[in-house]
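# Tertiary structure, described
The residues making up each chain are set out below.
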Amino acid sequence: MNFNLYLENLVEKKELPGGVLYVQQGNTYEFIKAYGSFTDQEGQVQQVTTDTIFDLASLTKVVATLPSILFLIGKRELSLEDSVQKIIPSLRFKHITIRHLLHHNSGLPADLPYRNRFESRDVLSDVLSEDLIYSTEEKVVYSDLGMILLGKIIEEISGERLNEFTRKNIFEPWQLNNTTYLPSKEHLEQIASTEKVGDTYVQGEVHDEKAFHLGGVGGSAGVFSTAQDIGLYSKYWLGLEEQNVIPESLIELAQKDIFKHRGLGFEVLVEENQDISCGNKWPIGTFGHNGFTGTSVWMDPEHQLSAVFLTNIVHFGRDHKMKEIRQTLHSKIFEEIVLA
């Protein structure tokens, strides 16, 4: 069964509400297709199209926050070795650097204690009040908190709110024309709704509670985009499209400056049989990222291959098989395109 039939069957069996798959290899192969549907906040069923906009969730970390940090490093306004405390004095840990936050090895916990979107919260204060839960560089603990701090660092260095900075310096220069924080209500019918909260589905507002409490703009979540935009984004990282936003040396460094299985921002396949979302067929050096709502982008420099899969799996609730789906899907993609 090929990857296209696999997704069609998942939708038919209601294991997946809908989504858009974009796959490309070099400049010779490109596939894009929409699957399934979603129920909007008015209770109407809408078909997913290739122009559907999805809540990227944690893909924000590598689509907005990582390139913004690298942009500032390229402009010599920031360094990987800068102490976070130098920029955010209220952080109590002088030894933690920008690099630690990107490697997810700072010692910060993964998350804050949960609060729903209807409760008030000062997210940054709560992040700054957290203690370290392990010694810095002892291990990797994937942390939203570190990325929230990076978002704040971008704002402090630039003097602009994160959504404005990313729009002007990343999304517009890279021609990611449907990629944004705080999507316009005019495009609401184009945005896939995520989870049902109370009696209605969340649509056009960020699903992640911390990002919601940050006003929809955070370093860990908040960006909305299309599969075609993230497909173009992937081409910059694979060197298939020219760009002058980030120095090429930093584009390469993000993939190759590795601590355990983490590059700068990205997860990297570093050993065979690693439990990773792209499955066990893709080669060492493959890198990418996932988002909680059901989004992902994975890139293979060796074969100039990338796969973007945007879905809203949380539309059916938080009990799902997205990890298994991702691994199976990516294995089928690699078998069909590279190994066939």
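For the structure, see preceding data.
I will try to describe carefully the structure that is included in this document. The shown structure was predicted, so the numbers you read here are calculated from the model rather than taken from an experiment.

## Observations concerning the layout of surface pockets
- In this structure, the largest pocket encloses a volume near 730 Å³.
- Ser58, Tyr142, Asp144, Gly291 and Phe292 are the residues nearest the centre of the largest pocket, which is lined by 35 residues in total.
- Those elements that place two or more of their residues in the lining of the largest pocket are helix H8 (209-213), strand E10 (287-291) and helix H11 (322-339).
- Among the elements that take part in the lining of the largest pocket, E10 stands out by supplying four residues, more than any other.
- Grouping the constituent residues of the lining of the largest pocket by class yields ten nonpolar, twelve polar and 13 charged.
- If you add up the space inside the second largest pocket, you get close to 160 Å³.

## Considering the sheet that holds strand E4 (residues 54-55)
- The strand order across the open sheet built from three strands is E4-E8-E5, with neighbouring strands paired in antiparallel fashion. Because the sheet does not close on itself, it has two edges, and the strands there are E4 and strand E5 (180-181).
- In this sheet, strand E8 (residues 223-225) lies alongside E4 in antiparallel orientation, the contact comprising two bridges. Bridge pairing in E8 places Phe54 opposite Ser225.

## Section: the packing of aromatic side chains
- One pass over the structure, following the stated rule, counts nine aromatic pairs.
- Measuring from ring centre to ring centre gives 6.1 Å for Trp174 and Tyr233, while their planes differ by 65 degrees; the resulting arrangement is edge-to-face. Remark: Tyr233 occurs in helix H9 (residues 227-237) and Trp174 occurs in the loop between helix H7 (162-171) and E5; sequence separation between them is 59 residues. Across this residue pair, the class does not change: Trp174 and Tyr233 are buried.
- Seen in terms of ring centroids, Trp237 and Phe266 are 5.0 Å apart; in terms of plane orientation they differ by 80 degrees. Their pairing is edge-to-face. Of this pair, Trp237 sits in helix H9 while Phe266 sits in the loop between helix H10 (248-256) and strand E9 (267-268); the two residues are 29 residues apart in sequence, bridging distant segments of the chain. For the pair formed by Trp237 and Phe266, the shared burial category is buried.
- Taken together, the aromatic side chains of Trp174, Tyr233, Tyr236, Trp237, Phe266 and Phe287 make up a single cluster linked through ring pairs.
- Its guanidinium or amino end placed over the ring of Phe212, Arg117 lies 4.2 Å from that ring's centre, counting from NZ or CZ.

## A look at the packing of helix H2 (residues 60-74) against helix H6 (residues 144-158)
- It is the contact of H2 with H6, at a shortest axis distance of 10 Å, that shows an interaxial angle of 45 degrees. Judged by the angle between their axes, H2 and H6 are oblique. With respect to the hand of their crossing, H2 and H6 are arranged in left-handed fashion. Along the contact surface, H2 presents Lys61, Thr65, Ser68, Ile69 and Leu72, while H6 presents Asp144, Met147, Leu150, Gly151, Ile153, Ile154 and Ile157.
- Among the residues making up the contact of H2 with H6, the classes are represented as seven nonpolar, three polar and two charged.

## Some points on the pairing of strand E1 (residues 18-25)
- Counting buried residues in E1 gives eight out of eight residues, a clear majority hidden from the surface.
- Strand direction decides the pairing type here: E1 and strand E2 (residues 29-39), joined by eight bridges, are antiparallel. Paired with Gln24 across the bridge in E2 is Glu30.
- Taking the residues that link successive antiparallel strands as the turn, the E1-E2 hairpin has three residues, and the phi of Gly26 there is positive, at about 55 degrees.
- In this structure, E1 lies alongside strand E12 (residues 305-311), joined through seven bridges in antiparallel fashion. Directly across from Tyr22, in E12, lies its bridge partner Val308.

## Here we look at H11
- Between its first and last C-alpha, H11 extends 24 Å over 18 residues, near the 26 Å set by a 1.5 Å rise per residue.
- As for H11, its buried residues are in contact with helix H1 (3-12), E1, E2, E10, strand E11 (295-300) and E12.

## Considering the sheet that holds E10
- Read across the open sheet, the seven strands follow the order E3-E2-E1-E12-E11-E10-E9; overall the sheet is antiparallel. Either end of the sheet is taken by a strand with one partner, and the two such strands are strand E3 (45-47) and E9.
- In this sheet, E11 lies alongside E10 in antiparallel orientation, the contact comprising five bridges. Within E11, the residue paired with His289 across the bridge is Val297.
- The strands that H11 touches are E1, E2, E10, E11 and E12; relative to E12, the one it contacts most, it runs at about 145 degrees.

Cut-offs and rules
Residues numbered from 1 in each chain as written. Predicted model: local features only at pLDDT ≥ 70, side-chain atom pairs only at ≥ 80, totals over all residues. Heavy atoms only, no water. 1 Å grid on protein atoms, 1.4 Å probe; cavity = no way out; pocket = protein on both sides within 12 Å on 5 of 7 lines; lining within 4 Å. Points joined across faces, edges and corners; volume = space filled by probe spheres on them. Helix = DSSP H or I, 4+ residues; strand = E, 2+ residues; numbered from the N terminus. Nonpolar A, V, L, I, M, F, W, Y, C, P; charged D, E, K, R; others polar. Pairing = 2+ DSSP bridges. Phe/Tyr/Trp six-rings, centres within 6.5 Å; stacked < 30°, edge-to-face > 60°. Buried < 20%, exposed > 50% of the residue type's maximum accessible area, 1.4 Å probe, protein only. Lys NZ or Arg CZ within 6 Å of the ring centre and 35° of its normal. Axes fitted to C-alpha atoms, helices over the stretch in contact; angles between N-to-C directions. Parallel < 35°, antiparallel > 145°, perpendicular 65-115°, else oblique. Left-handed = near helix turned anticlockwise from the far one by under 90°. Contact = heavy atoms within 4.5 Å. Expected span 1.5 Å × (residues − 1).

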